[in-house]
Structures are given as structure tokens and as C-alpha cells.
Amino acid sequence: MITKKTLNLSLKSLRDFAKKRLPDQDLIDLDNRDECPVEIVRHMSNPDNLGIQLLFIPEEYGGMGGSTFDVYLICEQMARIDLGVATSLFATFLGSDPITFGATPEQKKKWLGRIAEEGILFAYGATEPDAGSDLGALKTTADRVEKDGKIVGYKINGSKQWISNGGIADVYTILANTAVGPSWFIVDKGVPGFTYDKPEDKHGIRLSNTAALALDNVYVDADRLVGGVEGQGLLQAQLVFGYTRVMVAAFGLGAGWAALDRAIPYSTKRIQAGSPLSEKQGYTHKLIVPHVARLEAARSYIEETAQRIDAGTEGSLNTEGAIAKYMATEAGDAAADASIQALGGYGYTHEYMVEKISRDVRITRIYEGTSEIMEMTISRDRWQLHLKTRGQHYHDQARELEALDLQHPGVGAGIAALAAHALAEVMEKARAARLTRYQHILLRLGELIAYTECAGSLARRAALLAEGKLYEKANDRFDATAAAALGRIFARDAALRVAEEGLRWVCGAGGVTDSDMAAFETALGLHAIHRAQAGLIADMDYIADVLYSRVAKREEVPALVGA
Ligand SMILES: Cc1cc2nc3c(=O)[nH]c(=O)nc-3n(C[C@H](O)[C@H](O)[C@H](O)COP(=O)(O)OP(=O)(O)OC[C@H]3O[C@@H](n4cnc5c(N)ncnc54)[C@H](O)[C@@H]3O)c2cc1C
């Protein structure tokens, strides 16, 4: 296990390296030239230099055996530096995932050992021109080559699209259909019949190489079939979704914060109408504070999920990974966009970096499963829980939050409970009126579920902080008082969103009659949710003061307001 001290050292080396080798001007120039700094990516992967990849590799294969939590922190840090370079490093991790989780011991020893010892780069080849979100539609084939009745190898034919590291990797994991279904194959660069296209001209992450691949009768020996058994490919991919989604979530979080951490100091120096922008409430409470609350709610959910994955008792937590990814990448994208606004005309130029961050972070809502696919994944899974518990799943969660609220009034648990009760009512109404036959309703439920669960998570985090029990590796930017204020701000948003948007879509789909309306509004707890908005401005003032280091100057912190 990596200790907190070792982890902090790795994070520091990463920051120091970035300061020296990837200063802003170099990043801007590389972005302008649309160039992947291959030498830097290789340097970062090299075990004799930074050796970032060692963190991802289990100790028995020469790596450091980092936990999900360690990997989240490194991913966040990498994203703060540059999301293109982060993507390039992540591609090796993703490309080797089918091996880590599905390969035979010999394959693991060979390939993971090579990553650890030689720092070779991988690419992950799943997506195809006609198979993106729906990987089941993949057309690449792997036909058996037999000799004396024994399978000795495979011939692979097909093409892959949008492959990170596509033009720079040493080794590729390629998903292809065998006679019994999709399977992963390990393919070396440069083998006959294998070609890659020129780099894509992308909106963002222009420091990352993305290329299409073509496989024309590419022969691989039978020992290149990951796990040695055909048809396991989608299963092997699914085994790590919780884990990999947490990483992309960390990318959204890191990039969002990178943008805000430029907007915040900028606003202290920019004087308009006689005072700094940082002193204008209409500025901070629109462009900064709400984004901080959303990012920290997502962080809280990422950290809880990472800890649960590391505990190893609940499986791969794919739905939780989807919630973490959905919330953090949407929040990161919104924060970066707000940061452009916060810098005004300067924000709109290349020089001030927030424009680049905004273009870069946009990809996190698309790759590793789009936001819409995340909404569907979240909704389908929690819908099953709703049915299985006869509508009690979120009422039960609400009751747990109410109990927490009694112990820690003021962390937002009571308001999060209102969101959870309202969600249970919305879902029940959707069940009774069979509204999930509308795909839009199903996906909107996914969003409301994600907000509700993150509100609960942030309240729990604030309570743990108050008790001094937050995990030692957890991010400690905000203290217990600030975390509680953030918990309340976000829970208010979640509760209002669930109730109002839930009402909107349920009504919109014809799920409530006129005579039902008043009872439905009461069941949603609209009145209590509206009342819980009291104190919002005071809490936002407080968070603005924390962000701008003005807390010591305040005479008093706001009284903790429960639901
Ligand atoms: C820069 C970059 C790097 C990438 N790196 C890799 C990589 O290394 N390896 C790899 O294998 N792939 C990679 N990808 C591919 C990426 O994972 C896919 O682009 C993504 O999964 C979406 O697939 P698609 O582009 O085909 O879009 P589509 O699946 O066609 O989706 C288009 C739109 O329709 C929506 N949509 C799709 N299906 C549904 C549905 N059933 N209901 C409602 N809405 C739907 C989507 O949310 C999206 O908004 C990368 C992509 C990019 C752009």
C-alpha cells in the first residue's frame, strides 16, 4: 500500500516536473501547433524518471500497486497540468486494463512487467466508426488460424476510431469479434497490415495524439488473446468501468479546479467600477461559488466511491463510477466555461489558459462513456433498486440522512434528505404512470439521481470532517465549517432541482392529472424545499470569503442552518 507520505511525494514530483517541463507558454505553443509532446509523455512513463505508470501496475508485476484513491489523486493532479498529456498517460492505463483484469498470469507478467520496466505506451482500441456508445455494434473481426486442429493464432480485420495514443503507442489492445463474441487482442505496432492515420484535428486536448487505426489481415499468435478464452471482451471491459470512470471524473474535477484557480486570483486584481471583481457578489455568486459547490460535491462522491472500490467488498461499482464521472465532468466543464466569463475578453484569448482548459475539459463529457450514456446507466440501475424496494430505496436513504442531520445539524444532510424523499416520489409517480417508456424521462431521472446522491455524499463528508474522521488521503482544501456551508449550498440546489425538474418532466409526460397535482406537490415536499433555500446567500458569502481568504476578517461565521 502506498503511504500518504509517498503519495504526497509523487504528487509533488509531478507538480515540480510540470513547472519545469510544461510551463504555460509551452502548453499554449504545443496546443497552437496541435502537437503531442511524445518525448515528455515517454519521460513521464519511464520508470527511471517520473514513472507515473508504476502507480497503476500491481506490485507483483513491478509497479507500486496504487489504490483507486491514489490513482484519483494523481489523475486530478495530471488534469490540473494538462488534460492532453493526462489522456496520453491514461491511455496506457486503459489499454493495459483488459490485461490487468482479464489476462493469464503469463500475459500479466509479460505485458505489465514491460510497462513497469520499460515504460512502453499502450493504446486502447475499442471505438469504431460505427460503434461508439454502442460497442456491441463492433465490426472488427478476429478469425481463428488453425494448424493440425489447434488454434495457433488469429487474423484481425477492421478499423478503430478516435484512439488515444493511436499514432504513438508501442502496443495496442484491440477489441475484435471472434466466433463466440468480442475479445481483446494485444497487437504490436508495426506488424504487417497494421496502420494508423494522421492525428485528428481536435477541438481540445490537442497535446494528446488521437488517431484512427486500420487492421488488414493482421496476424497475432494465439497467446495474444487476452485471458486465452474467446468472448470475454465486454465482460473484461465492464469489470473496470467503476475504476476508469472515477479516473475520468478526476480529470473533470482537476480541469474544473485548474480553471477556477486562475479565475479566483484574476478577480482579485481586476478592478472594475472602482473595486476588484472578487468583491462583487453578482460576480462571485454566479461565476465562482456555485461551481466550487458542484465540484466539491463531485469530489466527495469520487472519494467515497474510490474508498468503496478499494475496500473490495462491493464489486466494481459501475453505477457509482458513472455518477462520479457524470457529475465531475459536467461540473468541470461548467466551471471552465464560467472561468472564461470571469476573465471577460482576456478569458476568450489563448494567452490566459482558461480558454484552453475549457476546450480540453469538454472531452471528459464524451470519452469513457458520454454524459447521456452515464444518465442512462445511472437511471437503469437505480430504477431496478426503486422497483426492488417497492419505492423505498431513496426514502431509506433520506431516513439515514435525517439521522445524520440530528447528529450534525447544518452539514446539509436534512436538505439532502428532502431531495431523496422528493426523488423517491418522482420515481414512484414515473412508475405508476409508466413514464420510463419515454427515454427522455429515464435520462432526466439519471441526472436527478446523481444530484441527490452527491448531496448526501457531501453532507456525509462535512460530518466526517466535523468529527475529524475524514480519510487521511482525502483532499483537505476546505475545513469542516466550509465543507458544511458547501454541503448546504449544494443540497439546496439538488433538492430544488429534483422537486421542480421532477415535477416538470412527470407533468410534461402526462403523469399527473389536475386533481392529483396538489397531492403530488405535497408529496414532493415543495414547501419544505422552498423554505430550505433560506440562508443560501449567507452561505455563498461565506464560501466566497473562504475562497478569497477573507474569513479571518469577518466578525462571525454564519450560524449553521439545518433543513
Ligand atoms: C479525443 C478522443 C479520444 C478518445 N479516445 C479513445 C480511446 O483511447 N479508445 C477508444 O476506444 N475510444 C476512444 N474515444 C471514443 C469515445 O469513447 C467515443 O467517442 C464515445 O464513446 C462516443 O461514441 P461516438 O463518438 O461514436 O458517439 P455516438 O455514440 O454516436 O454518440 C453521439 C451522441 O449521441 C448520444 N447517444 C448515443 N447513444 C445514445 C442512446 N442510446 N440514447 C441517447 N443518446 C445517445 C451520445 O451521448 C452523443 O451525445 C475517444 C474519443 C475522442 C473524441
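Up top is the structure these notes are about.
Caption draft 1: The overall build of the protein chain, seen in detail. Check the secondary structure of the protein chain and you find 22 helices and nine strands. Overall, the C-alpha framework of the protein chain stretches about 80 × 55 × 40 Å when taken along its three principal axes. Split into buried and exposed, the 563 residues of the protein chain put 58% on the buried side. Accessible surface computed for the protein chain: about 22,800 Å², of which carbon and sulfur atoms make up 51%.

Caption draft 2: Layout of unusual backbone geometry. Here the phi dihedral of Asp34 falls at roughly 55°; this positive angle occurs in a residue that is not glycine. Within the secondary structure, Asp34 sits in the loop between α2 (24-33) and α3 (38-45). Even without glycine at this site, Arg434 takes up a positive phi of about 50°. For Arg434, the location among the structural elements is in the loop between α17 (413-432) and α18 (439-466). A residue is classified by how much of its surface remains accessible, and Arg434, at 58% relative accessible area, is exposed.

Caption draft 3: The arrangement of the side chain of Asn475 in detail. Here Asn475 shows up in the loop between α18 and α19 (480-508). A polar atom in the side chain of Asn475 sits 3.0 Å from the backbone nitrogen of Arg477.

Caption draft 4: Focus on the site of the ligand. Taken together, the neighbourhood of the ligand is formed by 20 residues, with Tyr124, Thr127, Ser133, Thr370 and Glu372 sitting nearest. A distance of 2.7 Å separates a nitrogen atom of the ligand from a polar atom in the backbone of Tyr124. Ser133 places a side-chain nitrogen or oxygen 2.6 Å from an oxygen atom of the ligand. Those elements that provide at least two residues to the shell around the ligand are β3 (150-164) and α15 (371-388).

Caption draft 5: Here's a closer look at the packing of aromatic side chains. Across all of its chains, the model carries 16 aromatic pairs by this definition. When the ring of Tyr266 is compared with that of Tyr352, the centres are 6.4 Å apart and the planes differ by 85°; the resulting orientation is edge-to-face. Here Tyr266, found in helix α9 (residues 241-269), pairs with Tyr352, found in the loop between α13 (344-347) and α14 (354-361); they are 86 residues apart in sequence, far enough to count as distant. Overall, the relative accessible area of 16% leaves Tyr266 in the buried class. Among the aromatic residues, those joined into a ring-pair cluster are Phe56, Phe90, Phe93, Phe101, Tyr243 and Phe251. It is Arg245 that lies over the ring of Phe241; its NZ or CZ is 4.3 Å from the centre. A cation sits over an aromatic face here: Arg477 above Trp257, 3.9 Å from the ring centre.

Each value, and the rule that gives it
- Position numbers for residues count from 1 along each chain, tracking the sequence in the order it is written.
- Local features in this predicted model are restricted to residues whose pLDDT is 70 or higher, and side-chain atom pairs enter the listing and the counts only when it is 80 or higher, whereas totals over whole chains, interfaces and linings include all residues.
- Heavy atoms throughout the structure, all of them, feed into the side-chain values; hydrogens and water do not.
- For helices the rule is a DSSP run of H or I covering at least 4 residues; for strands it is a run of E covering at least 2, with both sets numbered from the N terminus onward.
- Think of it in three bands: with a 1.4 Å probe and only protein chains considered, a residue is buried below 20% of the maximum accessible area for its type, exposed above 50%, and partly exposed in between.
- Working definition of accessibility: Shrake-Rupley area with a 1.4 Å probe, residue cover restricted to the visible protein chains.
- Counted as a polar contact is a pair of N or O atoms within 3.5 Å, where, for protein atoms, one must be capable of donating a hydrogen and the other of accepting one, and residues adjacent in sequence contribute only when both atoms are in side chains.
- Each residue is tested against the molecule or strand, and it is near if at least one of its non-hydrogen atoms lies within 4 Å.
- Planes of paired rings set the category: under 30 degrees apart is stacked, over 60 is edge-to-face and the rest tilted, where pairs are Phe, Tyr or Trp rings (Trp by its six-membered ring) whose centres lie within 6.5 Å.
- Note on geometry: a ring has a charge over it if NZ (lysine) or CZ (arginine) is within 6 Å of the ring centre and within 35 degrees of the ring normal.

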